[in-house]
Amino acid sequence: MSTDIWAWVHDTHQQLAEAGHRRLADAIYELPGHANEGRNDQLDAVFPEAVAAARALGLPWVEVYLRHWRMQNLLNKRHQGEQALPEAVDLLEFAHREETAGCPQSVCVVQDFAICHARVDGPGYVAERIAVLSETLERIEPARACFDCLSREYSDALEDDGRPAEALSHLDTAAARIQAAGERLSLHFHHARAGTLHLLDRHEEVLALLDTAEQAERARDREIDESDRRWGALLRARALASLGRTEEALALLPPLEQAERHADLRAGWTKTVELLVAAGAWENDAELGAALAGWVGYLDATGSHRPCVDLLLAAGRLALARGARTVALTLAATGERKLGRLRRTEGVAEQVAELRAAAEALAVPALPVPPAELAAHLAETDAPYESAADLLSAALEQYRGEPAGATGLALSLAAVLGGLGHARAAADLLWERLDTDPASEELTGMLGAMLIEAKDDEGVRRLADRLALTSPADGHWVRARWAAAEGRWAEAVEQCEAILAAHPDRINTRRLAATAATELGDHVTVQRLYQEILEHALPAEGTPEHERHRTVREPDLWHLITAATANRDWAVVRSTGALIGIEFDEPEGPVDEEWQLVTVRATRTNGATADLPAVRTGPATARILPVLGDDLTLNHGDVVVFGPALLEEPPAEDAPEEEKRRWRPVFGLLTLLDPAGCTTYWIDGGWPGDQAWGVLREELQQAGYAVWAYSGEQYSITDPAEKDGMLPGIYAALAVPPTAQAAEADALLHRLTAAWPHPLAWLDLARAAGADTARHEGIIERYGL
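Residues numbered from 1 in each chain as written. Predicted model: local features only at pLDDT ≥ 70, side-chain atom pairs only at ≥ 80, totals over all residues. Heavy atoms only, no water.

Structural notes on the nonpolar core
For soluble globular proteins, nonpolar side chains are generally found buried alongside one another.
Then, in step 1: Counting residues in each nonpolar core, the largest one holds 87 residues, and the members touching the most others are Trp269, Trp295, Leu374, Leu447 and Leu463.
Then, in step 2: Filtering out sequence-adjacent residues up to four positions away, Trp295 remains in contact with Leu256, Ala259, Glu260, Arg266, Trp269, Thr270 and Leu311.
Then, in step 3: With 39 residues, the next largest nonpolar core counts Ala95, Phe113, Ala114 and Ala167 among its residues. (Core = buried A, V, L, I, M, F, W, Y, C linked by side-chain atoms within 4.5 Å. Buried < 20%, exposed > 50% of the residue type's maximum accessible area, 1.4 Å probe, protein only. Contact = heavy atoms within 4.5 Å.)

Looking at the packing of aromatic side chains
Then, in step 1: Inspection of every chain in the model, using the stated rule, returns 10 aromatic pairs.
Then, in step 2: Relative to Tyr710, the ring of Trp682 lies with its centre 5.4 Å away and its plane at 55°, an arrangement referred to as tilted. Of this pair, Trp682 sits in strand S6 (residues 679–686) while Tyr710 sits in the loop between strand S7 (706–709) and strand S8 (716–718), placing them 28 residues apart in sequence.
Then, in step 3: Note on Trp693 and Trp756: the rings are 6.5 Å apart at their centroids and 50° apart in plane angle, and the pair reads as tilted. Of the two residues, Trp693 sits in helix H33 (residues 690–702) while Trp756 sits in the loop between helix H34 (742–753) and strand S10 (760–761), which places them 63 residues apart along the sequence.
Then, in step 4: Look at Trp756 and you get buried, because its relative accessible area is 12%. (Phe/Tyr/Trp six-rings, centres within 6.5 Å; stacked < 30°, edge-to-face > 60°. Helix = DSSP H or I, 4+ residues; strand = E, 2+ residues; numbered from the N terminus.)

Some points on the pairing of strand S1 (residues 597–603)
Then, in step 1: Pairing of S1 with strand S2 (residues 609–616) involves 7 bridges; the strand directions are antiparallel. Bridge pairing links Arg601 to Asp611 in S2.
Then, in step 2: Connecting the antiparallel pair S1 and S2 is a turn made up of 5 residues, with Gly607 showing a positive phi of about 95°.
Then, in step 3: For S1 and strand S5 (residues 666–674), the ladder comprises 3 bridges, and the chain directions are parallel. (Pairing = 2+ DSSP bridges.)

Side note on the side chain of Arg67
Then, in step 1: Tracing the chain through its elements places Arg67 in helix H4 (residues 60–77).
Then, in step 2: With relative accessibility at 4%, the residue Arg67 sits in the buried group.
Then, in step 3: Within the structure, Arg67 has its side chain in polar contact with the side chain of Glu87 (distance 3.0 Å).
Then, in step 4: Of note is the side chain of Arg67, whose polar atom sits 2.7 Å from the side chain of Asp90. (Polar contact = N/O pair within 3.5 Å; in protein donor to acceptor, adjacent residues only side chain to side chain.)

Overview of the pairing of strand S9 (residues 726–736)
The side chains of a regular strand alternate, residue by residue, between the two faces of the sheet.
Then, in step 1: By the criterion of burial, S9 is predominantly enclosed, with 8 of the 11 residues buried.
Then, in step 2: In the sheet, S6 pairs with S9 via 8 bridges, with the strands oriented antiparallel. Bridge pairing links Tyr681 to Leu734 in S9.
Then, in step 3: Relative to S9, S7 is paired through 4 bridges, and the arrangement is antiparallel. Within S9, the position partnered with Trp708 by the bridge is Ala733.

Shape descriptors only; they carry no functional weight alone.
This is how it looks when you write it as structure tokens:
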């Protein structure tokens, strides 16, 4: 089996594009980048349509390819474990059917299977991982890229078995075989070897290896991508911290915010920070503890059981060093629960037991006030969260057997634990209290919030079922919030409507239903819900603080304006705008004014975002300015409706004046209102100079067209008159209005550019016009366009 995967990808992409399946062809090129770079939202946007298209076209090889790259993202960038296991098993079976066995990507699915089991319990599945990897490595040539990948997975399995020296030996043997076959080692291979050297305390070698590997990449004119730069920086930081070179380590360590965004960094980042804390170079504070607790909760929810235990042990050691007794005990309890999900517990079970013993040995703080007064005291003194947790835990222990007093303390402690990143532990505490105080609405309300925060699907269902017996509306409310958190918008609307049928005066229920309906594009329902809020809301004057959520808020009015705009209900737009103080140029009819320059943030067909300059034409509308390609469903002149929320804050008052001058409000696209109907064609060629280009733009505009330059000063083209000479170029998009034919646009461009020293090419427009394309093909060839 020696099919070159990337040659196959290139050929398949070309075949699909020529057959008119451009979206699927683009997905084949884009998906690996999204997967490897952790562009999760973009991958999630592209994958469902792509895999459905592959199935519809009967392309099982393409399906294997797409599903493999999604698995790489789920496992390596999102660190899913048991959550991804059913797909990993199903994909392995699918990739080895008769119709897919010959696919060059089928071998890579073995890697997905091995990684997934490593996430669940690496040491526990060592034997299975080594068996499947050995069988696959024996039947593929070292020249294949997957030999590199699978060799690294085999090494990881040896490391999980406590055999780092054997892992290094395996990598070195694999490297020799790859190089003997005439291939180069990937940068990922060097990163894997660096990780093994870490385990062997050979940190100087790590630094030398990374330098050599990256120099080799640059010597081959290969750019090191962002993901590999992050990994290289983290590996160096860990080596430097191990060597006591803390200032250098701090300079390279990716910031906490990057580890928050990229789950694959978290384990190495935590190990490095532990070293820096021990050296006194990093502050071991509650903020660090909360970040680690959030990551532990994430791994817990995704079923990455072994990484979860490893991380919580590190978080526990740091909590002990801070004297955070309750946090350390909470982590120990999580560890004890996770041990039940591991196949192999020797070594790690002892560490969890040691964590609990050490946490219990920490002093229990003395209460500064009686337990009943503690919550108020902590609020007044603004006590640090970890200290508050210890005091509340101590007070709650004194209240054992007294439900009335314990409920308030349990609620306070749960809120603090949630703030520290321990939502699952907070939920467990509230479940315990609910058994002794089942009538408490505060308990059920906070419990629902904590279960949703912890992504505890089973717990949410259990609570909703329990509430349905005594308070059906509360049961629907829990389900509605959970559905919204999961993006199940139709279900969220359905649950809210069930509440409103019995309780028509509910305001927050309508707000949530309206949010969900907006996501579904059901603007008629959104408008109805916000108008009902105006009908049922309490008056702003005289409403007590605890009922303020039932009054009309300004965002309610903006959302109503937005929905009414999408529904072209201009009377409601104007009457609601008057409540906010908006003055319109005309007293009635559609709102089409010229307010200010704004930016509309839209989503490309590949899931990436695009910030589009636009002219605001009303409270919730804007007219798009640039001429756009087919990767967006919008184009020049389209009038769109945008959401009312600002996506970026304006500059601070003390910001530089230039920054304030350049700033434009950024709004999210909601829907297309009035399409202009323009068709885009691309033009390319020599830059004629500012004056000539300005004349072209003005003449086109007067004729009802538009042109938008995409190239900058750095764009250059071949000068056919001079060997190796270059000319400044222009690459732009032309918008042809629906009132014009392609032949008219072709003739107009010929007339307007005839006197230019260097011609432009507009091949697609010439084809659409039925004109002779030879001229344009010749320009493309002569100028290297």
